[in-house]
Amino acid sequence: LPLAAGAILGSSFDYELNLRSALELMIPWFADWAVLDLLSESTGIRRVAVVRASTEDRGTAALLARRPPSLGDPADPIARVLCGGPPELVKDARAGDESAPVSTSWGREVIERLAPRSWITVALRARGRTIGALTFLTARSGRSFGLPQLLFAQQLADRAALAADNARLYDEAMRASEAKSAFLAVMSHELRTPLTAIIGYTELLAEGLFGPVSAEQRLQLGRARESSEHLLHILEEVLHYARLDARP
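Since this is a predicted model, take the numbers as computed values, not measurements.

**Describing the overall build of the protein chain**
Piece 1. If you tally the helices and strands in the protein chain, you get 7 helices and 5 strands.
Piece 2. Traced from its N-terminal end to its C-terminal end, the protein chain shows the element sequence α-α-β-β-α-α-β-α-β-β-α-α.
Piece 3. The buried share of the protein chain, reckoned over its 248 residues, is 38%.
Piece 4. The long-range fraction of contacts in the protein chain, counting pairs at least 24 apart against all pairs at least 6 apart in sequence, stands at 64%.
Piece 5. When the accessible surface of the protein chain is totalled, it reaches about 13,800 Å², and 57% of it is carbon and sulfur.

**A look at the packing of helix α3 (residues 58-65) against helix α5 (residues 107-114)**
Piece 1. In the contact formed by α3 and α5, the axes pass within 10 Å of each other and the chain directions differ by 140°. By the angle between their directions, the pair α3 and α5 is classed as oblique. Once α3 is placed against α5, the crossing between them reads as left-handed. Across the interface between the two elements, G59, T60, L63 and L64 of α3 pack against E109, V110, R113 and L114 of α5.
Piece 2. The residue makeup of the contact of α3 with α5, split by class, is 4 nonpolar, 2 polar and 2 charged.

**Thoughts on the side chain of S118**
Piece 1. With respect to the helices, strands and loops of the structure, S118 is situated in strand β4 (residues 118-126).
Piece 2. Overall, S118 belongs to the buried group, its relative accessible area being 0%.
Piece 3. From its side chain, S118 meets the backbone oxygen of V90 in a polar contact 2.6 Å long.
Piece 4. With residues up to four places along the chain from it excluded, the contact list for S118 reads V90, K91, F136, L137, T138, R143, S144 and F145.

Basis of the calculations
- Residues numbered from 1 in each chain as written.
- Predicted model: local features only at pLDDT ≥ 70, side-chain atom pairs only at ≥ 80, totals over all residues.
- Heavy atoms only, no water.
- Helix = DSSP H or I, 4+ residues; strand = E, 2+ residues; numbered from the N terminus.
- Buried < 20%, exposed > 50% of the residue type's maximum accessible area, 1.4 Å probe, protein only.
- Contact = heavy atoms within 4.5 Å.
- Areas by Shrake-Rupley, 256 points an atom, 1.4 Å probe, with all protein chains shown as cover.
- Axes fitted to C-alpha atoms, helices over the stretch in contact; angles between N-to-C directions.
- Parallel < 35°, antiparallel > 145°, perpendicular 65-115°, else oblique.
- Left-handed = near helix turned anticlockwise from the far one by under 90°.
- Nonpolar A, V, L, I, M, F, W, Y, C, P; charged D, E, K, R; others polar.
- Polar contact = N/O pair within 3.5 Å; in protein donor to acceptor, adjacent residues only side chain to side chain.

Any functional reading would require information that these geometric values do not contain.
Below you can see the structure in the form of structure tokens.
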């Protein structure tokens, strides 16, 4: 099952869909709940997925989906991890001193509905960038997380973060390629028009349409025409390759 989840993460460049699919595969094998939060430049934290083991918890899942943590909340473990903190592990929230809610943003209603027993929050980090955080919880199953589960969750997060960052780099490369192709197409078109005019005027001059032309002048006009045609051929090739590069 871990290998299958890892394979899903690299199955396409739609990393958000891949992450959701991997989490759905792991629930309820690994946890009762899984929550995926990604960092966004515009909104701070964007809640991407809430995956649950029980089909009866639809209302709680909807509440969770609407309540991502605040990035500036030092009391929130998810926010702490997203701000560069270490992984968070609560082995047994019912033991007493570790009974703080997994996320202060969720509110009493969500915590009472969830009744979480144990949870893990790990960061998605790749190439020095924090992309998001994964949170796993146990509730009705009564299971408790420990160090082995934390290490597994971190390995999954590391692989997910690398897949997400690869997708980001691929998207940036594709947009750069599209911009390059568009620039080459415009440049080729803008240069081809005056070159065609130059070739036409040199032909008219060589034919004596604007007055007598000596043999030496006709020779130089021929060289100018050959150079212009050579440059026009190069532009045609550039435009051709730009069109090939732009094909999906």
